[in-house]
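Here is how the chains run, residue by residue.
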Amino acid sequence: MSPLHSAAFFKSAAALEDLPGSAGEFAFAGRSNAGKSSALNALVGRRIAFVSKTPGRTQLINFFALGADRFIVDLPGYGYAKVPAAIRAPWEELLGGYLQRRAPLRGLALVMDIRHPLTELDRRMLEWFRPTGKPVHVLLTKADKLSRAAAQTILRGVEREIPAFAPNFSVQLFSSLRKSGLEEAAERFRNWLDREVGIPPGRTTGGF
């Protein structure tokens with residue numbers, strides 16, 4: 001059984017001071033409706049992340065314990081145009097502070113709908129995260145919606161384009177529905193947790 005299957009809800013954080021102590025973690029991010037929660041649920045083998053039909057509904061950073069003070073972290077989805085600015089501003093500050101200054105963060109799993117990869121918001125996320133020097137693993141979700149040939153074409157296109165935004169990257173096809181790509185992704189994330197990393201660079205600026 002994959003170590004990720006032991007994931008259990010630990011806590012939700014609404015502010016940076018609420019973040020728990022950690023020996024290592026990796027985070028899931030993605031545009032609303034890209035399939036982030038479904039991908040996370042598929043990887044742990046059961047439903048732990050809430051799948052919302054309302055973009056921008058989740059405004060907290062959710063921690064799922066893996067044991068030994070290690071975590072999977074579910075970040076708020078971005079691309080929430082209908083969310084009022086007064087709500088969005090502190091939300092973005094929380095997300096940015098976590099991504100840019102969280103020392104135990106080992107890497108970022110960036111979820112993209114394969115039919116709409118590397119949107120402007122995805123590019124901004126990558127540029128925002130890049131100063132940390134930490135790895136990014138892109139999950140091209142909903143690969144079952146395309147033919148194998150079409151999916152491979154998009155995969156190659158993303159592999160060519162993404163180095164300009166994230167030099168330390170990897171990309172794969174993924175389908176929560178067909179449970180394909182699970183082992184490849186799980187191995188990647190386990191490797192992140194098994195290695196030690198240094199303290200990331202100081203705070204950078206930017207946002208969504």
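Since this is a predicted model, take the numbers as computed values, not measurements.

On to the overall build of the protein. Counting its regular elements, the protein contains five helices and seven strands. For the protein, the N- to C-terminal ordering of α and β elements is β-β-α-β-β-α-β-α-β-α-β-α. Buried residues in the protein amount to 50% of all 208 residues. Counting contacts in the protein only where the partners sit at least 6 residues apart, residues at least 24 apart contribute 77% of the total. For the protein, the accessible surface area stands at approximately 9800 Å², while carbon and sulfur atoms represent 52% of it.

Membership of the largest hydrophobic core comes to 37 residues, with the highest contact counts inside it found for I61, L75, Y98, L99, L108, L110 and L126. Element by element, the count of residues in this core is highest for helix 3 (residues 120-129), at five residues. Once you skip the residues sitting within four places of it in the chain, L99 turns out to touch L75, L105, L108, M125, W128, F129 and T132. By size, the runner-up hydrophobic cluster in this structure holds 25 residues, among which are L4, F28, F189 and W192.

What follows covers the sheet that holds strand 1 (residues 8-13). As summarised here, the arrangement of the seven strands in space is 1-3-4-2-5-6-7, forming an open sheet in which the pairing is mixed. The sheet terminates laterally at strand 1 and strand 7 (169-173), the two strands that pair on one side only. If you compare each strand with its neighbour and ignore which way they point, the axes differ by 25° on average. Note that strand 2 (residues 24-30) and strand 4 (residues 70-74) share five bridges and pair parallel. Within strand 4, the position partnered with G24 by the bridge is R70. Contacting strand 2, strand 5 (105-113) and strand 6 (136-141), helix 3 crosses the sheet at an angle of about 170° to strand 5. Against the sheet, helix 5 (residues 182-194) engages strand 2, strand 3 (61-67), strand 4, strand 5, strand 6 and strand 7, with an angle of about 160° to strand 5.

For any pair of aromatic rings, geometry is given as the distance between the ring centres together with the angle between the planes. Scanning the entire structure with this criterion turns up nine aromatic pairs. Judged by centre distance (5.8 Å) and plane angle (70°), the rings of F9 and F64 are edge-to-face. Note that F9 is positioned in strand 1 and F64 in strand 3, a separation of 55 residues in sequence. The class of F9 is exposed, set by a relative accessible area of 51%. Residue classification places F64 among the buried residues on the basis of a relative accessible area of 3%.

Extensive coverage of strand 4 is indicated by the burial of four of its five residues. The pairing of strand 3 with strand 4 spans five bridges and is antiparallel. Each bridged residue has a counterpart across the sheet, and for F64 the counterpart in strand 4 is I72. The turn linking strand 3 back onto strand 4 is made up of two residues, and A68 within it adopts a positive phi angle of 55°.

What follows deals with the pairing of strand 3. Counting buried residues in strand 3 gives six out of seven residues, a clear majority hidden from the surface. Of the strand pairs in this sheet, strand 1 and strand 3 are connected by five bridges, and their pairing is antiparallel. Bridge pairing in strand 3 places K11 opposite F63.

Calculation rules
- Residues numbered from 1 in each chain as written.
- Predicted model: local features only at pLDDT ≥ 70, side-chain atom pairs only at ≥ 80, totals over all residues.
- Heavy atoms only, no water.
- Helix = DSSP H or I, 4+ residues; strand = E, 2+ residues; numbered from the N terminus.
- Buried < 20%, exposed > 50% of the residue type's maximum accessible area, 1.4 Å probe, protein only.
- Contact = heavy atoms within 4.5 Å.
- Areas by Shrake-Rupley, 256 points an atom, 1.4 Å probe, with all protein chains shown as cover.
- Core = buried A, V, L, I, M, F, W, Y, C linked by side-chain atoms within 4.5 Å.
- Pairing = 2+ DSSP bridges.
- Axes fitted to C-alpha atoms, helices over the stretch in contact; angles between N-to-C directions.
- Phe/Tyr/Trp six-rings, centres within 6.5 Å; stacked < 30°, edge-to-face > 60°.

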